[in-house]
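# Observations on the three-dimensional arrangement
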Amino acid sequence: MQVTKSTQGPAQAEPGLESPVVVMGRSERMVAWLERVASASFLMPSVLVILFLSIFPLVVSLYLSLARLQFVKGGFKITFVGLANYRKLFVGSEKTHFLGVLADPSPLGWLVFVAVVAGLVLSLVRYARSEGASALGFFWRLVASVITGAGVWLLVRSLSPGGRPGTLVVTLIYVFGGVTIQYILGLVLALLCIQQIPGRRFFRVVFLLPMMITPVGIAYMFRMLTDFTKGPFTPIWRAFGLAETSWVNNPWTARAAVMIGDIWQWTPFMFIVLLAALESQPIEPIEAALVDGAGRWQIFRHITLPSVLPVSTTLILIRLIEAFKIIDLPNVLTNGGPGTATESLTLQAFMTWRTLDIGGSAAVAYMLLLVVTFVALVTVNIIRRRVVEAL
């Protein structure tokens, strides 16, 4: 039931005008309430399922990383041990496995470390002098700079003569070395395929084929190709006197084999996204530059590269996050060897889990989560923003 009344009072802006006041009955109020909660009632189950599937495993694995899980008769027993699993990674029995063997930096290492620290200090000074600087922004940039400096110090010391990189450094080498090469190769192939050359449609399909193969299949294929004694290239290796040479006996050649397989698999992903970005850029600026006498390098430097930079930063961010999870290639190709030379953080977590050290495996996984989150936040909030502002 609905009754409409006309009132007139001091709240009216113009005296003399009447505004309607709606008085709703119980049934109308119930219908209105049901309409308000209808959208939430339809969405809430999906939201709860997503939260359960994403948040619940994180909470459980965080607790397991702070505990020791033991299988006992009739079930299992969980004992809270605090930060013992993390102490084992940084100062305990797993230190050399996780961080590696640290040596005194070489002169080149000192040069790299000083250059990186100088760049970080210069970046902080420039931000402090900028107009939009804030105390909170400076604090987070200072934290990011300290963590970056510590990471570079770890890289320099573990890669110096007498040192040995652990799984953390090996993962960083896979990620930053592999993604850099993948981006350069993908950009070069995309630039070639936008040229009016014969057979470019054929090569577009061929370049995509590696992305359609499973990582395990690629690992077995490269395991066969790098076998100098039984592989299909054995006559070639023998002709060059390399029949008795093995990729997996040397730590760096074994890491190179893993990186080559990863680059071969993921360069097509870079290629296809960059090709779409290049083909969508407007042709008018390029034609104007050609009329003004600009060369190909000038067109690439001042028109093509700025137009693909926003896409490139997002593309690199996606690949960085994905590359940190590399496990198939080192597991199948080298089984993490020689020793632990090709083990990534994901593979270390898997190997630790296979020994039924569930808490230690969860601690390694959480360290990987922290590293990925830090790299992603720095890429999004600092690097990508600067690229967009520079355009």
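Going by the structure above, here's the rest.
Quick notes on the rules
One numbering rule holds for all chains: residues counted from 1, following each sequence as written. The predicted nature of this model means local features are confined to residues of pLDDT at least 70 and side-chain atom pairs, given and counted, to a pLDDT of 80 or more, with totals for whole chains, interfaces and linings taken over all residues. Calculated side-chain values reflect all of the structure's heavy atoms, with hydrogen atoms and water omitted. Every axis corresponds to a line fitted to the C-alpha atoms, with the helix fit spanning only the stretch in contact, and the corresponding angles, defined between N-to-C directions, vary from 0 to 180 degrees. Secondary structure is summarised from DSSP: a helix means a run of H or I of at least four residues, a strand means a run of E of at least two, and numbering begins at the N terminus for each. Working definition: roughly parallel below 35 degrees, roughly antiparallel above 145 degrees, roughly perpendicular at 65 to 115 degrees, and oblique for all remaining angles. Handedness of a helix crossing follows the sense of rotation of the near helix relative to the far helix, less than a right angle counterclockwise being left-handed and clockwise being right-handed. Residue contacts are defined here by distance: any two heavy atoms, one from each residue, within 4.5 Å place the two residues in contact. Three categories are distinguished: nonpolar for Ala, Val, Leu, Ile, Met, Phe, Trp, Tyr, Cys and Pro, charged for Asp, Glu, Lys and Arg, and polar for the others, with Gly belonging to the last. Here, the term nonpolar core denotes a set of buried Ala, Val, Leu, Ile, Met, Phe, Trp, Tyr and Cys residues that are joined through side-chain atoms within 4.5 Å. Accessibility here uses a 1.4 Å probe with only protein chains present; expressed as a share of the type maximum, an area under 20% marks a residue as buried, one over 50% as exposed, and anything in between as partly exposed. Note on pairing: two strands pair once DSSP finds at least 2 bridges between them. Definitions used for this entry: grid spacing 1 Å over protein atoms alone; cavity, a set of points where a 1.4 Å probe fits but cannot get out; pocket, an open set with protein on both sides within 12 Å along at least 5 of 7 lines; lining residue, one with an atom within 4 Å of a point. Grid points are joined across faces, edges and corners, and a volume is the space filled by probe spheres set on the points. Each pair of aromatic rings taken from Phe, Tyr and Trp, with Trp reduced to its six-membered ring, is defined by centres within 6.5 Å and is described as stacked if the planes are under 30 degrees apart, edge-to-face if over 60, and tilted in the remaining cases.

## What about the packing of helix H6 (residues 167-193) against helix H12 (residues 296-323)?
Where H6 meets H12, the axes come as close as 11 Å, and the angle between the chain directions of the two elements is 140°. Considering their axes alone, H6 and H12 lie oblique with respect to each other. In this structure, H6 crosses over H12, and the sense of that crossing is right-handed. Across from Val 175, Phe 176, Val 179, Gln 182, Tyr 183, Leu 187 and Leu 191 in H6, the residues of H12 making contact are Phe 300, Thr 304, Ser 312, Ile 316, Arg 319, Leu 320 and Ala 323. Among the residues making up the contact of H6 with H12, the classes are represented as 10 nonpolar, 3 polar and 1 charged.

## What to know about the nonpolar core
Counting 52 residues, the largest nonpolar core has Phe 98, Leu 168 and Phe 324 as the members making the most contacts within it. Among the elements of the structure, helix H2 (84-90), H6, helix H8 (215-225), helix H10 (251-280), H12, helix H13 (328-334), helix H14 (345-354) and helix H15 (358-390) are those that each provide at least two residues to this core. When residues of this core are assigned to their parent elements, the largest contribution, 12 residues, is made by H6. Excluding its chain neighbours within four sequence positions, the residues that come into contact with Phe 324 are Thr 171, Leu 172, Val 175, Thr 346, Leu 368, Val 371, Val 372 and Val 375.

## Notes on the environment of Gly 151
Note on placement: Gly 151 falls in helix H5 (residues 135-159). Measuring from C-alpha to C-alpha, the distance between Gly 151 and Val 169 comes to 8.6 Å, with 18 residues separating the pair along the chain.

## Some words on the pairing of strand E4 (residues 75-80)
Where strand E3 (residues 67-72) lies against E4, 6 bridges are found, and the strand directions are antiparallel. Bridged to Ala 67 within E4 is Phe 80. The hairpin formed by E3 and E4 contains 2 residues between the paired strands, and Gly 74 there has a positive phi angle of roughly 90°.

## Regarding empty space enclosed by the protein
Counted by the stated rule, this structure contains 1 cavity of 30 Å³ or more. Taken as a whole, the largest cavity spans an internal volume of roughly 40 Å³. Taken together, Lys 88, Leu 89, Glu 94, Gln 348, Thr 352, Asp 357, Gly 360 and Val 364 make up the full set of residues lining the largest cavity. For the lining of the largest cavity, the elements supplying multiple residues, two or more each, are H2, H14 and H15. When the residues that make up the lining of the largest cavity are grouped by side-chain class, the tally is 2 nonpolar, 3 polar and 3 charged.

## Section: the layout of surface pockets
Roughly 1300 Å³ of volume is contained in the largest pocket. Looking at the lining of the largest pocket, the elements with two or more residues in it are helix H4 (107-129), H5, H6, H12 and H15. Looking at the lining of the largest pocket, the element that brings in the most residues is H15, giving 12 residues. For the lining of the largest pocket, a count of residues per class yields 30 nonpolar, 8 polar and 2 charged. As a volume, the second largest pocket reaches approximately 440 Å³. Surrounding the second largest pocket, 13 residues form its lining, Ile 194, Gln 195, Ile 286, Arg 296 and Ile 299 being those nearest its centre.

## Examining the side chain of Arg 319
Within the secondary structure, Arg 319 is located in helix H12. Arg 319 gets classed as buried once you look at its relative accessible area, which sits at 1%.

## Digging into the packing of aromatic side chains
Enumeration over the complete set of coordinates arrives at 14 aromatic pairs. Each ring, one from Tyr 63 and one from Phe 80, has its centre 6.4 Å from the other, and the planes form 25°; the classification is stacked. Separated by 17 residues along the polypeptide, Tyr 63 in helix H1 (residues 26-65) and Phe 80 in strand E4 bring together distant segments of the chain. Judged by relative accessible area, which is 54%, Phe 80 ranks as exposed.

## Describing the packing of H5 against H6
At their nearest, the axes of H5 and H6 sit 10 Å apart, and the two run at 105° to each other. Between H5 and H6, the crossing angle belongs to the class labelled roughly perpendicular. In this structure, H5 uses Leu 154, Leu 155, Ser 158 and Leu 159 to contact H6, whose residues at the interface are Leu 168, Val 169 and Ile 173. Tallied by class, residues from the contact of H5 with H6 come to 6 nonpolar, 1 polar and no charged.

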